[in-house]
Amino acid sequence: MRAVVKTRPGVGFEVKDVEMPKKGPNDVLVRVRATGICGTDIHLYKGQAVGALPELPIPFTPGHEFSGDVVEVGEKVDGIEVGDRVSAEVVVSCGRCYYCKTGRAILCENIREIGIDIDGSYAEYVSVPSQNIHNIPSNLSYEQGALIDCLSSALRPFERINIGIMDTVAILGTGPIGLLQIQIARALGFGKIIAADVNPRRLKLAEELGAAVTINAREKNVVKEVLDVTDGLGSDVVIESAGSPVTTAQSLHICRKDGQVALMGITTEKSLIDSLLIVSKALNMFGIWDYTWLTFERSIALISSGKVDVNAIVSHKLPLEDVVKAFDLIQKGEAVKVILIP
Ligand code: ZN
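Residues numbered from 1 in each chain as written. Predicted model: local features only at pLDDT ≥ 70, side-chain atom pairs only at ≥ 80, totals over all residues. Heavy atoms only, no water.

Taken as a whole, the protein chain is organised into domain 1 (2-146 + 309-341) and domain 2 (154-287). One C-alpha centre belongs to domain 1, the other to domain 2; they are set 28 Å apart. Summing both sides of the interface, domain 1 and domain 2 together bury roughly 1100 Å²; the carbon and sulfur share of this comes to 62%. The largest share of the area that domain 1 buries against domain 2 comes from Ala312, Ile313 and Val336, three residues that together contribute 42% of it. At the surface where domain 1 touches domain 2, the tally comes to 0 salt bridges. Taken together, the residues of the side of domain 1 that touches domain 2 sort by class into 8 nonpolar, 3 polar and 3 charged. (Domains from an automatic or database assignment. Buried area = accessible area lost by both parts, 1.4 Å probe. Salt bridge = Lys/Arg side-chain N within 4 Å of Asp/Glu carboxyl O. Nonpolar A, V, L, I, M, F, W, Y, C, P; charged D, E, K, R; others polar.)

As a further point, take helix α10 (residues 293-304). Helix length check: α10, at 12 residues, gives a terminal C-alpha distance of 17 Å against a target of 16 Å (1.5 Å per residue), a fit within 8%. Here α10 has its buried residues at Thr295, Phe296, Ser299, Ile300, Leu302 and Ile303. The buried residues of α10 occupy an angular sector of 160 degrees when projected down its axis, which confines them to one face. Buried residues belonging to α10 abut β5 (85-88), β9 (133-135), α3 (142-145) and α4 (148-160). Regarding α10, its N-cap is threonine 292, as a side-chain oxygen of that residue lies 3.2 Å from the backbone nitrogen of leucine 294 further along. Glycine 306 lies just past α10 and shows a positive phi near 85 degrees. (Helix = DSSP H or I, 4+ residues; strand = E, 2+ residues; numbered from the N terminus. Expected span 1.5 Å × (residues − 1). Buried < 20%, exposed > 50% of the residue type's maximum accessible area, 1.4 Å probe, protein only. Arc of directions from axis to C-beta. Contact = heavy atoms within 4.5 Å. Polar contact = N/O pair within 3.5 Å; in protein donor to acceptor, adjacent residues only side chain to side chain.)

A separate point is the packing of aromatic side chains. This model, assessed by the stated rule, comprises 6 aromatic pairs. Both rings, one in tyrosine 45 and one in phenylalanine 327, keep their centres 4.5 Å apart while their planes meet at 10 degrees; by these two values the pair is stacked. Taken together, the residues tyrosine 45 in helix α1 (residues 39-46) and phenylalanine 327 in helix α11 (residues 323-331) connect sequence positions 282 residues apart. With a centroid separation of 5.8 Å and an interplanar angle of 40 degrees, the aromatic rings of tyrosine 291 and phenylalanine 296 are classed as tilted. Just as tyrosine 291 is buried, phenylalanine 296 falls in that class too. Through a chain of ring-to-ring contacts, three or more aromatic side chains come together here, namely Phe13, Tyr45 and Phe327. For arginine 31, the ring lying beneath its charged end belongs to tyrosine 125, and the centroid distance is 5.6 Å. Just above the ring of tyrosine 142 sits the side chain of arginine 85; from NZ or CZ to the centre is 4.8 Å. (Phe/Tyr/Trp six-rings, centres within 6.5 Å; stacked < 30°, edge-to-face > 60°. Lys NZ or Arg CZ within 6 Å of the ring centre and 35° of its normal.)

This model, assessed by the stated rule, comprises 11 salt bridges. Ionic pairing is found between aspartate 17 and arginine 2, a salt bridge with its closest N-O pair at 3.4 Å. Here the residue aspartate 17 occupies a position in strand β2 (residues 14-17), and arginine 2 occupies one in strand β1 (residues 2-5), the gap between them amounting to 15 residues. The class for aspartate 17 is exposed, based on a relative accessible area of 57%. In this structure, arginine 298 engages glutamate 159 in a salt bridge whose closest nitrogen and oxygen atoms are separated by 2.7 Å. One end of the pair, arginine 298, is in helix α10; the other, glutamate 159, is in helix α4, with 139 residues separating them in the sequence. By relative accessible area, arginine 298 is classed as partly exposed at 40%. Residues participating in the shared-partner salt-bridge network are Arg2, Asp17 and Glu321.

Note on the zinc ion: its protein donors are Cys94 (SG), Cys97 (SG), Cys100 (SG) and Cys108 (SG). The metal-donor distances range over 2.3 to 2.4 Å. In this structure, the zinc ion is coordinated by 4 donor atoms arranged in tetrahedral fashion, with angles at the metal of 100 to 118 degrees. The motif formed by the donor residues of the zinc ion, counted along the single chain, is C-x2-C-x2-C-x7-C. Both residues of the pair, cysteine 97 and cysteine 100, count as buried. (Donors = N, O, S within 2.8 Å, 3.2 Å for Na, K, Ca; no water. Tetrahedral: all angles 85-135°; square planar, octahedral: opposite > 155°, others 65-115°.)

Structural data, given as structure tokens:
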């Protein structure tokens, strides 16, 4: 089959012919119909190890945002049939460690991730542990199905924070995650939605999707702008979705006293934050890592009900063979969300 492979350290991926993925007794083989490019994949493209692993397990096939059709099921798999339309959670937990045993599988000590240490979905076929599989409703397209993982990541901070009716939320970073968060905030009944980014194209989309205030961080002082539109108090909720040391530091300055800050951007650079702000403003802070089975089901419901339009963030659909072109477009800031079709 054709697949994208990270064949060596440094920048780049190759498209080549590879063996079909191996399927264990608890695995499901899926014919991939659509697969999305995630921020994590950009790190992988650049050759940066992210998340739980100290270094990349080269060679491997990336990709974890996908949907497709089940074509084979392992002999121990129950409840999933050939022909089912499915998507899957990215993190594979062990079920045996302290965190798994205490109901927090997303913090598993023996975490494996599809698209890093399990060959991923930038391929014609992907083999996935059945515990990760979710059926998708018939009114979802394959492309929408490929975006459930991305929406789940975007949704997770809203499950952690206490949501106050008509609260103000500031979203730093209007990449795919931030743009989905604007739609989620609107669906959940937030008041003023503030969005900041450095990319005018994305800020325009942010406005179209429901941000009342958009701030170009290249041209304006984000802290001053947020204080100006919140009567000098700051935002009730701040979500850092840009993954930059600058926005991480800004989050503390733009959050009001006793407000809530959710940090979810992944960065390999260290951030210098003023910890006295956390103390003196009595801030409530959350680190957001991964999402749960329930988050994934809620995301399916948000898409299926029309409350969130994931198609709105898709800027390009390209054949799998154009994977390098796709990463070029993203790195140049010309693409928002790219879907690859194997
Ligand atoms: Zn575990």
